[in-house]
Amino acid sequence: MDHPLLSVQDLTVQFRTRAGTITAVDRVSFDLAEGETLAILGETGSGKSVTAQAVMGLVPRPAGQVTGGRIIYDGTDLLTRPPSEARRLNGTELAMVFQDPLSSLNPVLRVGAQIGELFRRRRGASRAEARRKAIELMDRVGIPAAARRVDDYPHQFSGGMRQRVMIAMALALQPRLLIADEPTTALDVTVQAQIMALLADLKAEHRMAMILISHDLGVVAGVADRAMLMYAGRVVETGELREVYETTAHPYTRGLMASIPELDGPRERLQPIPGAPPDLMRLPSGCPFRPRCAYATDICASQPPTLAAVPTRPDSHRAACHHAEEVLADVVAG
Ligand code: SF4
């Protein structure tokens, strides 16, 4: 990628706990172009949300700390920017939508006032102008009767409508990069599809870059251009979404693919990956996925795998697995 909007290089984030230090994000690298959408996928605790928090400067301190790497946004290293510059960028250039809109919205303030406040504070808009902008945005994100509902409180909206309010707030200042962290997890399947369709529309309309974080490969299918799978804080597979789906080369990705529920089927996992996500304090030797992996052999215990080109698309598709070619052969054979 010639001039990525965002370039994350060898990012490492650690947390101090009573039991010791854990590495939640372990030398993660990726680039994101203007207008591109990257899905960061993985189970709970894989490091996907902490990666996003690091980009936004939101790693909870003092327990958490970025201990290595660089986050280059539009040519500037975000990790060395002064706090005043960070405040300027967040909201205007970078914005984030969280999983739980209710905890992100102020329950005692009308929704329109919360959206309008951004225009007043950041753009110096008058009260009337801010209200007009709030209605416009609520309308744009598909909230019916926006002119009336602008005076409602957050608890008067459904979960899906509250998430639309959060998206409206994130878009208010027209950021160049939107990070959505599990934006549809709390919603039912039909509303999930509506929110993802809205994000896809907005991305096309604003040519925004997006990072979509999810544990569900099915949810991001219609929106993301590329996918990056994380396990135990590391990138285990990355490539164009279609390659990762059709020529999967890592057993973990294969397990997550097998657990995608049908849109109109039950939401429980179809074939859950055996075993539990890893304890970051006690990772096994070699490959962290080894205790759960049907392909594991002796080399997996002695040597951690590194990301290597997958033969079907060596220029863009990479996987960290000693037996990637076997996995790929099994996937292709169906
Ligand atoms: Fe499984 Fe070995 Fe590949 Fe790790 S390196 S995913 S243990 S086959």
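Just so you know, these numbers come straight off a predicted model, no measurement behind them.

Some remarks on the overall build of the protein
Here's step 1: Regarding its fold elements, the protein presents twelve helices and twelve strands.
Here's step 2: Taking 2.2 N^0.38 as the reference for a compact globule, 334 residues should give roughly 20 Å; the C-alpha atoms of the protein span a radius of gyration of 21 Å, in line with that estimate.
Here's step 3: Across the protein, every contact between residues at least 6 apart in sequence was considered, and the portion connecting residues at least 24 apart equals 65%.
Here's step 4: Summing over all exposed atoms, the protein offers an accessible surface of approximately 15,600 Å²; the carbon and sulfur share of this is 51%.

A few points about the sheet that holds strand 5 (residues 76-77)
Here's step 1: Taken together, the four strands give an open sheet; going across it, the order is 2-1-4-5, and neighbouring strands pair in antiparallel fashion. Since the sheet does not close on itself, it has two edges, and those belong to strand 2 (20-32) and strand 5, each with one partner.
Here's step 2: Helix-sheet contacts for helix 1 (residues 48-56) involve strand 1 (6-17), strand 2 and strand 4 (64-73), and the interaxial angle to strand 1 is about 110°.

So, helix 2 (residues 83-92)
Here's step 1: Within helix 2 the residues assigned to the buried category are Ala 86, Leu 89 and Thr 92. Projected down its long axis, helix 2 carries its buried residues within an arc of 160°, all on one side. Those residues of helix 2 that are exposed and aimed more than 90 degrees away from the buried face are Pro 83 and Arg 87.
Here's step 2: Buried-residue contacts for helix 2 involve strand 4, strand 6 (94-97) and helix 4 (111-123).

A word on the sheet that holds strand 6
The strands making up a sheet are joined through hydrogen bonds of the backbone, oriented either antiparallel or parallel.
Here's step 1: With mixed pairing, eight strands are arranged side by side in an open sheet as 6-7-8-3-9-10-12-11. Taken across any chain shown, the strands that pair with only one partner, and hence form the sheet edges, are strand 6 and strand 11 (308-309).
Here's step 2: Relative to strand 12 (residues 318-319), strand 11 runs antiparallel, the two being bridged by two bridges. Across the sheet, residue Ala 308 finds its bridge partner in strand 12, namely Ala 319.
Here's step 3: Along the sheet, helix 7 (residues 159-171) contacts strand 6 and strand 7 (177-181); its crossing angle with strand 6, the most-contacted strand, is approximately 175°.
Here's step 4: The strands touched by helix 10 (residues 251-258) within the sheet are strand 9 (226-231) and strand 10 (234-240), with strand 9 carrying the most contacts at an inclination of about 105°.

A short note on the pairing of strand 9
Here's step 1: Among the six residues that make up strand 9, six are buried, leaving the element largely enclosed by the rest of the structure.
Here's step 2: Here strand 9 shows a buried face lined by Arg 226, Met 228 and Met 230 and a second buried face lined by Ala 227, Leu 229 and Tyr 231.
Here's step 3: Of the strand pairs in this sheet, strand 9 and strand 10 are connected by six bridges, and their pairing is antiparallel. The partner of Met 228 across the bridge, within strand 10, is Thr 238.
Here's step 4: The turn joining strand 9 and strand 10, which pair antiparallel and follow one another in sequence, is formed by two residues; a positive phi near 55° is taken by Ala 232.

Points about the side chain of Arg 292
Here's step 1: With respect to the secondary-structure elements, Arg 292 resides in the loop between helix 10 and helix 11 (298-302).
Here's step 2: Judged by relative accessible area, which is 9%, Arg 292 ranks as buried.
Here's step 3: At a separation of 2.9 Å, a polar atom in the side chain of Arg 292 contacts the side chain of Glu 43.
Here's step 4: A distance of 2.8 Å separates a polar atom in the side chain of Arg 292 from the backbone oxygen of Pro 274.
Here's step 5: When sequence neighbours within four positions are dropped, the list of residues in contact with Arg 292 reads Glu 43, Tyr 231, Ile 273, Pro 274, Gly 275, Ala 276 and Pro 277.

A word on the site of the ligand
Here's step 1: Taken together, 13 residues are adjacent to the ligand, and Cys 287, Cys 293, Cys 300, Cys 321 and His 322 come closest.
Here's step 2: If you map the ligand onto the pockets, it falls in the largest cavity.

Some remarks on the domain arrangement of the protein
Here's step 1: Partitioning the protein into domains gives domain 1 (6-224) and domain 2 (230-333).
Here's step 2: Distance between the C-alpha centres of domain 1 and domain 2: 27 Å.
Here's step 3: Each partner contributes residues to the interface: domain 1 has 29 residues there, and domain 2 has 22 residues.
Here's step 4: For the pairing of domain 1 and domain 2, the buried interface totals around 2,000 Å² over both sides, and the portion due to carbon and sulfur atoms is 62%.
Here's step 5: When the buried area of domain 1 at its contact with domain 2 is split by residue, Glu 43, Val 189 and Leu 217 rank highest and sum to 32% of it.
Here's step 6: Scanning the region where domain 1 abuts domain 2 turns up two salt bridges.
Here's step 7: Residues Arg 292 and Glu 43 are paired through a salt bridge, measuring 2.9 Å at the closest nitrogen-oxygen approach.
Here's step 8: One can count seven residue pairs in polar contact (both at pLDDT 80 or more) joining domain 1 with domain 2.

Observations concerning the pairing of strand 3 (residues 37-41)
Here's step 1: In terms of burial, strand 3 is largely enclosed, as five of its five residues are buried.
Here's step 2: Residues Thr 37, Ala 39 and Leu 41 of strand 3 are buried on one face, and the alternating residues Leu 38 and Ile 40, pointing to the opposite face, are buried as well.
Here's step 3: Relative to strand 8 (residues 209-214), strand 3 runs parallel, the two being bridged by five bridges. Note on strand 8: the bridge partner recorded for Thr 37 is Met 210.
Here's step 4: Two elements, strand 3 and strand 9, share four bridges in a ladder whose sense is parallel. Bridge pairing in strand 9 places Leu 38 opposite Arg 226.

Basis of the calculations
- Residues numbered from 1 in each chain as written.
- Predicted model: local features only at pLDDT ≥ 70, side-chain atom pairs only at ≥ 80, totals over all residues.
- Heavy atoms only, no water.
- Helix = DSSP H or I, 4+ residues; strand = E, 2+ residues; numbered from the N terminus.
- Rg over C-alpha atoms; globule rule 2.2 N^0.38 Å.
- Contact = heavy atoms within 4.5 Å.
- Areas by Shrake-Rupley, 256 points an atom, 1.4 Å probe, with all protein chains shown as cover.
- Pairing = 2+ DSSP bridges.
- Axes fitted to C-alpha atoms, helices over the stretch in contact; angles between N-to-C directions.
- Buried < 20%, exposed > 50% of the residue type's maximum accessible area, 1.4 Å probe, protein only.
- Arc of directions from axis to C-beta.
- Polar contact = N/O pair within 3.5 Å; in protein donor to acceptor, adjacent residues only side chain to side chain.
- Near = heavy atom within 4 Å.
- 1 Å grid on protein atoms, 1.4 Å probe; cavity = no way out; pocket = protein on both sides within 12 Å on 5 of 7 lines; lining within 4 Å.
- Sits in = over half its atoms within 2 Å of the grid points.
- Domains from an automatic or database assignment.
- Buried area = accessible area lost by both parts, 1.4 Å probe.
- Salt bridge = Lys/Arg side-chain N within 4 Å of Asp/Glu carboxyl O.

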